[in-house]
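# Observations on the model geometry
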Amino acid sequence: CVFFLMIRRPPRSTQSRSSAASDVYKRQVHGDYYLKIVPNIYVESNGKKYTDIYQHSLMGKDNMIDENQGLPAVFFKYEVSPITITYTFFSPGIGSFLVQVCAIVGGFFAAFGMVNAYTASFMELFNIR
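Residues numbered from 1 in each chain as written. Predicted model: local features only at pLDDT ≥ 70, side-chain atom pairs only at ≥ 80, totals over all residues. Heavy atoms only, no water.

Take the overall build of the chain next. Secondary structure assignment for the chain yields two helices and four strands. Helices and strands in the chain line up, N terminus first, as α-β-β-β-β-α. Looking at the 129 residues of the chain, the share that counts as buried comes to 12%. Pairs at least 24 apart in sequence give 67% of the contacts found in the chain among residues at least 6 apart. Accessible surface, the chain as shown: approximately 11000 Å² in total, 62% of it carbon and sulfur. (Helix = DSSP H or I, 4+ residues; strand = E, 2+ residues; numbered from the N terminus. Buried < 20%, exposed > 50% of the residue type's maximum accessible area, 1.4 Å probe, protein only. Contact = heavy atoms within 4.5 Å. Areas by Shrake-Rupley, 256 points an atom, 1.4 Å probe, with all protein chains shown as cover.)

Have a look at this one:
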């Protein structure tokens with residue numbers, strides 16, 4: 001990621017050269033940028049490892065400063081995380097698929113059984129036949 005600091009300059013046609021230069025000096029930029037790097041390991045289902053992969057996050061903040069607040073500066077602060085994240089990819093087998101299908105079918109039977117029981121007790125309560 002590349003960041004550019006932008007300083008707007010006044011139009012030179014309306015001011016003298018020394019006045020324009022002093023106005024640009026009054027509108028300087030102070031920037032703080034934070035970079036966080038997290039190492040990752042990717043393990044595929046066949047056992048192949050990818051170890052030189054990094055995730056990063058970048059945050060930045062620019063402040064316009066006056067001549068009385070100090071000199072323009074850019075600060076880069078970075079942190080390399082001591083914790084490594086490991087992603088392991090695997091494909092579940094046919095047994096896992098069959099268990100999930102049986103769970104869905106059993107859930108339908110349980111839900112309809114409760115609805116049937118509540119309906120029967122409601123009908124018995126009000127003597128509806």
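Quick look at the side chain of Asp32 now. Along the polypeptide, Asp32 turns up in strand S1 (residues 28-43). For the buried Asp32, no salt bridge is present, and the opposite-charge side chain at shortest range is Lys77, 4.3 Å distant. Apart from residues no more than four positions distant in its own chain, Asp32 is found in contact with Met59, Gly60, Lys61, Phe75 and Lys77. (Lys, Arg positive; Asp, Glu negative; His and termini not counted. Salt bridge = Lys/Arg side-chain N within 4 Å of Asp/Glu carboxyl O.)

Further remarks concern the confidence of the model for the chain. Per-residue pLDDT for the chain averages 78, and the proportion of residues at 70 or more is 78%. Confidence, read as mean pLDDT per element, is least for helix H1 (residues 17-26) in the chain (47) and greatest for helix H2 (residues 94-125) (93). Overall, residues 1-25 carries pLDDT values under 50, and its contacts beyond four positions in sequence, including any with other chains, amount to 23 contacts. (pLDDT = per-residue confidence, 0-100.)

By the bridge criterion, 15 bridges tie S1 to strand S2 (residues 49-65) in an arrangement that is antiparallel. Opposite Pro39, over in S2, you have Tyr54 as the bridge partner. Here S1 folds back onto S2, and the loop between the two strands holds five residues, one of which, Gly47, carries a positive phi near 95 degrees. (Pairing = 2+ DSSP bridges.)

Here we take up the packing of aromatic side chains. Using the criterion set out here, one finds five aromatic pairs in the structure. On the basis of an interplanar angle of 20 degrees and a centroid distance of 6.5 Å, the ring pair of Phe108 and Phe112 is categorised as stacked. Taken together, the residues span about one helical turn, with Phe108 and Phe112 both in helix H2 at a distance of four residues. Side by side, Phe108 and Phe112 carry an identical accessibility label, which is exposed. Members of the aromatic cluster, joined through ring pairs, are Tyr42, Tyr87 and Phe89. (Phe/Tyr/Trp six-rings, centres within 6.5 Å; stacked < 30°, edge-to-face > 60°.)

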